[in-house]
Amino acid sequence: MTDTAPPDEPTSGAQPPKSKTGRLIGLSIGGGVVFIAMVTVVLMVALSVVGSTGLPAGAAKRALLTASDLAAITGVEIASGQDSVVRKHSLQAYVKENPGDTSNTVTPAKCADNLEGWMAWKALDNPSYRGWKSDVIFEASNIVVDSENSYENGLQESRRFASVAAASAFMNAQRGWYKECATSSYADPGDSTNNATYRFSPISLDLGLDSVIEGSTNRGKGLPPHLIDVYLRKQNIVYVTELVTNSAPQHGMDPVSLAIVKTAAKKLSSLR
């Protein structure tokens, strides 16, 4: 994850051997020096990776798509006015604001308490986590797709994790959830007309980043026919978007959604 250039190797003038034995001894010593140098470089690289906290906190906000990022995509823009607001949360505040569902409302029950909002996991995000007091999350529902304006604006969120390892663990948890909960149902205890069923299908797309991309086919009042959930990771930054689409996931992405996701991946890849 971290590019580390090895130090320039020292130069030395070659000395003619005084004897055959001396030549062998010289080679042995020289080989030992090279070996030690190689070990040193390997340790330097290993330590830099272990100690790396990745990209700075500001990178999370810069990961969100802006009006200029979407200007080249016809029929897509960032909402104006109050709908354009980007909100910043500490991890603690985000978890408090996004409590997990309870097992009596979600089927299978094991799919109920994993997710807390989009950017936190109950099993991972608690006071014992290293980034509990330092992780930041930015979120907005501000991606407007003209052809899908009957539904809420597209969601986008990003989170700066305390380490690359923590961000990777988050992605693996997300990947596992979609695998185990490919078909999930929600039952509203107060109004059964709000019940909903989601069937997820993975979408294969090579974006050059660690990614989880799932399309859903939905059944329920007021739900769009299909949604595309996208999680992208670069080092310790995770970006997510959810887009409405009329295309079934098994058919891949529609051109507009694909253009948005590729733009998001390109922007995330460019962060330094």
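Structure: above.
About the criteria used
Residues numbered from 1 in each chain as written. Predicted model: local features only at pLDDT ≥ 70, side-chain atom pairs only at ≥ 80, totals over all residues. Heavy atoms only, no water. Disulfide = S-S within 2.5 Å. Helix = DSSP H or I, 4+ residues; strand = E, 2+ residues; numbered from the N terminus. Expected span 1.5 Å × (residues − 1). Buried < 20%, exposed > 50% of the residue type's maximum accessible area, 1.4 Å probe, protein only. Phe/Tyr/Trp six-rings, centres within 6.5 Å; stacked < 30°, edge-to-face > 60°.

**Comments concerning the state of the cysteines**
- All told, the structure shown has 1 disulfide when counted by the stated rule.
- Each sulfur in the disulfide pair cysteine 111 and cysteine 181 lies 1.9 Å from the other. Where cysteine 111 bonds to cysteine 181 through sulfur, the torsion about that S-S bond is close to -95 degrees, and the disulfide is left-handed. In this pair, cysteine 111 is assigned in the loop between β3 (106-107) and β4 (115-116) and cysteine 181 in the loop between α5 (164-180) and β8 (183-186), connecting sequence segments 70 residues apart.

**A short note on α5**
- In this model, α5 (17 residues) spans 24 Å end to end at C-alpha, consistent with the 24 Å of a helix rising 1.5 Å per residue.
- Among the residues of α5, Val164, Ala166, Ala167, Ser168, Phe170, Met171, Gln174, Trp177 and Tyr178 are the ones counted as buried.

**Topic: the packing of aromatic side chains**
- In this structure the tally under the stated criterion is 7 aromatic pairs.
- Ring centres of phenylalanine 161 and phenylalanine 170 lie 5.4 Å apart, and the angle between their planes is 50 degrees; this geometry places the pair in the tilted category. We note that phenylalanine 161, like phenylalanine 170, is buried.
- Relative to tyrosine 231, the ring of phenylalanine 170 has its centre 6.1 Å away and its plane inclined at 50 degrees; by these criteria the two rings are tilted. Of this pair, phenylalanine 170 sits in helix α5 while tyrosine 231 is found in strand β11 (residues 226-234), placing the two residues 61 residues apart along the sequence.

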